[in-house]
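Coordinate analysis (summary)
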There are 2 protein chains.
Amino acid sequence: MTAFKHALPASNDILTREPLPASQKTYIPGDIHPDIRVPMRAIQLTNGETVTVYDTSGPYTDPTIEIDVAQGIPAIRKPWIDARQDTEAYDGRIIDPKDNGYTNRSQMETAIAGASSLMRQPLRAKTGQNVTQLHYARQGIITPEMEFIAIRENQRRELTRRYLNDAEREHRLKGEHFGANLPEDITPEFVRDEVAAGRAVIPCNINHPESEPMIIGRNFLVKVNANIGNSATTSSIAEEVEKMVWSTRWGADTVMDLSTGKNIHTTRDWILRNSPVPIGTVPIYQALEKVNGVAEDLTWEIFRDTLIEQAEQGVDYFTIHAGVLLRYVPMTTKRVTGIVSRGGSIMAKWCIAHHQESFLYTHFEDICEIMKQYDVSFSLGDGLRPGSLADANDEAQLAELETLGELTKIAWKHDVQVIIEGPGHVPMHMIKENMDKQLEYCHEAPFYTLGPLTTDIAPGYDHITSGIGAAMIGWFGTAMLCYVTPKEHLGLPNRDDVKEGLITYKLAAHAADVAKGHPGARARDDALSKARFEFRWEDQFNLGLDPEKARAFHDETLPRDSAKVAHFCSMCGPKFCSMKISQEVRDYAEQQGLSHQKAVEQGMAEMSQTFKENGSEVYVNVEDITLSS
Amino acid sequence: MTAFKHALPASNDILTREPLPASQKTYIPGDIHPDIRVPMRAIQLTNGETVTVYDTSGPYTDPTIEIDVAQGIPAIRKPWIDARQDTEAYDGRIIDPKDNGYTNRSQMETAIAGASSLMRQPLRAKTGQNVTQLHYARQGIITPEMEFIAIRENQRRELTRRYLNDAEREHRLKGEHFGANLPEDITPEFVRDEVAAGRAVIPCNINHPESEPMIIGRNFLVKVNANIGNSATTSSIAEEVEKMVWSTRWGADTVMDLSTGKNIHTTRDWILRNSPVPIGTVPIYQALEKVNGVAEDLTWEIFRDTLIEQAEQGVDYFTIHAGVLLRYVPMTTKRVTGIVSRGGSIMAKWCIAHHQESFLYTHFEDICEIMKQYDVSFSLGDGLRPGSLADANDEAQLAELETLGELTKIAWKHDVQVIIEGPGHVPMHMIKENMDKQLEYCHEAPFYTLGPLTTDIAPGYDHITSGIGAAMIGWFGTAMLCYVTPKEHLGLPNRDDVKEGLITYKLAAHAADVAKGHPGARARDDALSKARFEFRWEDQFNLGLDPEKARAFHDETLPRDSAKVAHFCSMCGPKFCSMKISQEVRDYAEQQGLSHQKAVEQGMAEMSQTFKENGSEVYVNVEDITLSS
């Protein structure tokens, strides 16, 4: 792994580029569109089998691809976009010093000096054209993006079906999908139809051709978003890019860039040109910077200009808090925690100060006109989401949700894609109501929730309090989960916190997929459990979400290599192992060719005899292995 | 805190004895039994309020009590037991070298030399008497244990009701209890009636008078168990006791001692004499040691002797895998992970080898006769629990559960208390079925589950995969959750893992209490959220389950003391804070004396004017505070 690194400029050394253990990037070609190459991660097991899993990490884990952050990663979607012939390159908006938080051009020139190689001429829809995937889908077109997604979602299920070949078991374990539609195989047509119905969204700005298409919808795998932000002490492109790379390594399906302060425009260029996943932003944050933090000074013109600025850079979805209406604000005054959404409180203050509805609401159709020129998706923000259990599912939250449903209809009129953001803090028994109301009010537009946190009493552990809620709401139908790190409410997440938050949310999303009965989802569980039962330790580590931690934990107690093939673990120790006995029972039954029923009826006597003859040591033979503590 | 420590022998220095931050032990006297003193933890807030929470930590967090592990903690229940006049002291079983894993008496003498001060003459029921709490309850007696529990479960709700005084909110948030019966106040009569019905268990061996009574039942607060085991390199009583102390500090309601190997008898003495919480064991582990690990050599006589040995020491509940029947064993051969319970596989191997039902099953009534002489509760073990999602809710698991239900009836016939152990690994959509079947098959005897883990793919994070399932099954009606640490499947938990597992399970249990609508449960959430909204950072830390971690996380980004009173946090930074604006909106409404409805109808215009007049800075004034990175 180090070989190719040294060949690159020093600034790229900071990127994490090692493939995960025992993993190899493989690419599956398209059928309708033969030039597409869908990346997957093939995990090689010690028994010769291969398990293929969804891979969000882009080219960074492919050692054959050279990456220079100053140039950006390959623009895989460019030929597809060009081939549609409905876009045009144009000069674009001139960068303003304020975009980066400066007051004069020379300051700005210094700031962007290192990023000029990442600035691209923007594309937009030709006059009269609409370039959204929703628009194409409604025309019956299967885009390369759609076929890419169909292949990607299937995860080469043909390779893992062997783990799911027991009819009794599959019958017993079939999921509860709460009305989701989960076909055995995802076809490009299915992707198209889901997008056309508004039930799924493909966030893919035409100015972000580097992104590997992915889909957000409750009839697909549950996705996870990670939030990142710029550092106060940013020193290089590579450091900012590494945050995104690190997130996608651990499974982030999309990344939201919530940077504030200086250099956010330029940082966004760095991230977008190097990101294989869709990037979301909250444009009101940057707009607020441009008016020096004075919410009341925000205007439609400044906001509009910011939308165009970010759309030209390639942001794939915008969180827009257009549902915070003037009449909803007083509904929050009796709350325990008032308004906790930053965007929500900016707009609430604006509404009160001006005593009128926000420009996000009054100019909503104007916003749609911009979105459809670039295929930016709406993520309609829940500005009035509850910030505590006490405020869950209250009047303010549900009133806003209804408004988001109305806005969804307007966006769809323009063929603009929409996802809906959701809470927040919700006790377990009220989570289902959130999902049901969202489906009802928002016409099945995909739901994208933060958590929800199921209790408020564990600061420092809110990845877990929220991971519980996330798994449940994902099961009920939420399409994408916004991760929460252990630092939530307390501080800025570091690298370890980001990883901890992501793994927590990946396991929650996966638990949801399994519970929904997503075809094939459980195959990875079964592969890992089989490895566990057969004491294939390496496979058990490598099939997990975090092979490094699993291995490290194992080695704390049993560090020697010989323990990696030991038929026991430190839980029971070498003296006695339940899995071992269990294997003996099974082996006996199989040797005798006993059917399951036969074994029940008549096999036990013989089994008993064999055990008596073949020795009765519960102790497992151990050579050269001792517990380290 | 250090003052009293230095006054004690050095061996006690290892004990963690500092009270949690801002916390003071308070004791509430009884009414029926005025001599009982129910311990609680009073958290002193910076605004003068006090929040009282359930406290499992015993005398260790009371700096006024001197503790010497060589003498044990005060036997608070001794007068209550004596007053009943239904027990007698007797010489008890003579300790055998094999109890500690030795072959001759001199080895053993050395081993127990340091613990002789902890050996007590055992009590047992007088001939013809039955000393179980179930027996007393059925006679209509309210024991001191029952009144203690009633006071303890109420957690001084009168102090926290102020957080729950909004009728609209309480109506909106009322829980879903799935048939649980959750009275507004727990009375001693209610405790008695629940115990009498078998719906709740008070594990309290008459030979463990040091324990502070607690209850396990779905109409009470959800409880958490922590497992501990002896170290291979045990060096002192205090080190073994500290594991238990550490567990109860972080909320363990009971502790299971799963020690194996040498010195387990003596270690058990150390733990029991110093434990303020009930102690559970799996006696078959020790019995197996006595036959050198050869499962087939186990006999009823050896097992019976082990039960008496441990009952005389004071173990409060025994896990007994009496439901592993011969005909169920072949049902496990087609499983992905066979039998994963240690006790289950020991008994399965025994049954197969002898081709007959186990002595646990055939001698079940004999076991009941022993249990009722000491008031040891059954924890009927789920020897056939699933070890992977693939095996969840299968024939073997459910067949055993039915048998456990039959055994429950037999135990109840003897007035012996029973809890039922449950899985394991179960996908989310099958968790409810577990709970429903358990209630049905086992006649509402309390359920005690391990997790369940909702996915198999995250070794290293199984406290979280199982915390999700634990929160859900706790909500559905499970009375006690057995914790899982991050090391599950991989290695032996260290001190940090034990804490991480416990906090995860305490938050899961609490999320369950809130979702069930347990009266008063949400008060702590509301108190913490109110502190958060009012930027009372110290209170936010101290009301949390882990004040130390919350504070440390906060200080990573904002270490200065001045940041502890700052009206912002590092999430949004000093530039902009949603909570601050939200407070402004509310303050305005309150200043004007506007009712909620008035504010909605007519207040907005005035509010708008005030914001215009009083300045419009979204920036929060910050003096001398900077982000550290």
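Residues numbered from 1 in each chain as written. Chains lettered and ligands numbered in written order. Predicted model: local features only at pLDDT ≥ 70, side-chain atom pairs only at ≥ 80, totals over all residues. Heavy atoms only, no water.

**Digging into the overall build of chain A**
Note the threshold: Helical segments are the DSSP runs of H or I of at least four residues, strand segments are the runs of E of at least two, and each set is numbered from the N terminus. Classification of residues uses two cut-offs on accessible area relative to the type maximum, computed with a 1.4 Å probe and protein chains only: under 20% is buried, over 50% is exposed, and between them is partly exposed. In this analysis, two residues are considered to be in contact whenever any of their non-hydrogen atoms come within 4.5 Å of each other. The accessible surface values rely on the Shrake-Rupley method and a 1.4 Å probe; as for residues, cover is taken only from the protein chains in view.
Of the regular secondary structure elements, chain A holds 24 helices and 15 strands. A total of 629 residues make up chain A; the buried ones form 68% of that total. A fraction of 76% describes how many contacts in chain A between residues 6 or more apart in sequence connect residues 24 or more apart. Approximately 20,000 Å² of chain A is accessible, and the part contributed by carbon and sulfur atoms is 50%.

**A few points about the nonpolar core**
Filter applied, for reference: For this analysis, a nonpolar core means a set of buried residues of the types Ala, Val, Leu, Ile, Met, Phe, Trp, Tyr and Cys, connected via side-chain atoms within 4.5 Å.
Core analysis: the biggest nonpolar cluster contains 301 residues, and A:F378 and B:F378 have the highest contact counts within it. Discounting residues that sit within four places of it in the chain, A:F378 has contacts with A:F318, A:I320, A:F364, A:I367, A:C368, A:M371, A:A411, A:V416, A:Q417, A:V418 and A:I419.

**Thoughts on the side chain of A:S57**
All names here are of chain A. Rules: Whenever a nitrogen or oxygen atom comes within 3.5 Å of another N or O atom, the pair is scored as a polar contact, on the condition that within protein one atom can donate a hydrogen and the other can accept it, and that pairs from neighbouring residues in sequence are kept only if both atoms are in side chains.
Looking at the secondary structure, you find S57 in the loop between β3 (50-53) and α2 (78-84). At 3.4 Å, the side chain of S57 and the side chain of K25 are in polar contact. Separated by 2.6 Å, the side chains of S57 and T61 make a polar contact. S57 has contacts with K25, T248, R249 and P276, leaving out every residue within four places of it along the chain.

**What about the pairing of strand β12 (residues 377-380) of chain B?**
Residues and elements named next belong to chain B. What counts, and what does not: DSSP bridges decide pairing: two strands pair if at least two such bridges lie between them.
Burial along β12 is two-sided: the residues S377 and S379 and F378 and L380 are all buried. Bridge count between strand β11 (residues 317-320) and β12: four bridges; the pairing is parallel. Looking at β12, one finds that T319 is bridged to S379. Pairing analysis gives three bridges linking β12 to strand β13 (residues 418-422), with the strands arranged parallel.

**Description of the relation of the copies chain A and chain B**
This is how it is decided: We place the copies in one frame by least squares, fitting the C-alpha atoms of every residue whose pLDDT is at least 70 in both.
Expressed as a screw transformation, the operator carrying chain A onto chain B has a rotation angle of 180° and an axial translation of 0.0 Å, and the superposed copies differ by an RMSD of 0.0 Å. Considering both components of the superposition, the chain copies are consistent with a two-fold axis. Minimal C-alpha separation from the rotation axis in chain A is found for A:I468, amounting to 2.4 Å. A high fraction, 99%, of the interface residues of chain A reappear at the interface in chain B, so the copies pair face to face through one surface.

**Points about helix α12 (residues 300-313) of chain B**
All names here are of chain B. Counted only if it meets this: Helix span, expected: 1.5 Å multiplied by one less than the number of residues in the helix.
Under the 1.5 Å per step criterion, the end-to-end length of α12 is 20 Å for 14 residues, consistent within 8% with the ideal 20 Å. Across the 14 residues that make up α12, a large majority, ten, are buried. Of the residues making up α12, those classed as buried are W300, F303, T306, L307, I308, E309, Q310, A311, E312 and Q313. If you follow the buried residues of α12, they end up packed against α10 (264-274), β10 (279-281), α11 (283-290), β11, α14 (359-362) and α15 (364-374). Of the residues one or two after α12, G314 is the one with positive phi, at around 120°.

**Let's talk about the sheet that holds strand β2 (residues 37-44) of chain B**
Residues and elements named next belong to chain B. Stated precisely, the cut-off is as follows: The axes used here are C-alpha line fits, helices contributing only the stretch in contact, and every angle between their N-to-C directions lies in the interval 0 to 180 degrees.
Pairing within the open sheet is antiparallel, and its three strands lie in the order β1-β2-β3. In the strand order of this sheet, the two ends are held by β1 (23-29) and β3 (50-53), each with one partner. Averaged over all neighbouring strand pairs, the angle between strand axes comes to 40°, with direction disregarded. One ladder, built from four bridges, connects β2 with β3; its direction is antiparallel. Within β3, the residue paired with I43 across the bridge is V51. Running at roughly 10° to β2, helix α5 (residues 144-154) makes contact with β1 and β2 of the sheet.

**Topic: the domain arrangement of chain A**
All names here are of chain A. To keep it simple, the criterion reads: Annotation comment: domain bounds sourced from an automatic or database domain assignment. Accessible area that two parts lose when put together, evaluated with a 1.4 Å probe and summed over both, is termed the buried area. Every case where a carboxyl oxygen of Asp or Glu lies within 4 Å of a side-chain nitrogen of Lys or Arg is listed as a salt bridge.
Domain annotation for chain A reports domain 1 (23-521), domain 2 (535-566) and domain 3 (571-628). One C-alpha centre belongs to domain 1, the other to domain 2, and the line joining them spans 34 Å. Every contact between the two is made by 14 residues of domain 1 and, on the other side, nine residues of domain 2. Together domain 1 and domain 2 conceal approximately 930 Å² of surface at their shared face, both sides included; 57% is due to carbon and sulfur atoms. Taken together, the connections running from domain 1 to domain 2 amount to four salt bridges. Connecting domain 1 to domain 2 are three residue pairs in polar contact (both at pLDDT 80 or more). For the side of domain 1 that touches domain 2, the element with the highest residue contribution is helix α19 (residues 495-516), accounting for five residues.

**Thoughts on the packing of aromatic side chains**
Residue and element names in this part refer to chain A. Cut-off, in case you're wondering: By convention, a stacked pair of Phe, Tyr or Trp rings (six-membered ring in the case of Trp) has centres within 6.5 Å and planes under 30 degrees apart, an edge-to-face pair has planes over 60 apart, and any other such pair is tilted. Placement of a charge over a ring requires the Lys NZ or Arg CZ to be within 6 Å of the ring centre, with the centre-to-atom vector within 35 degrees of the ring normal.
Under the counting rule described, the total for this entry stands at 23 aromatic pairs over all chains. An aromatic cluster is built from F178, W475 and F476, whose rings are joined through pairwise contacts. The ring of W250 carries the charged tip of R249 above its face, separated from the ring centre by 5.6 Å.

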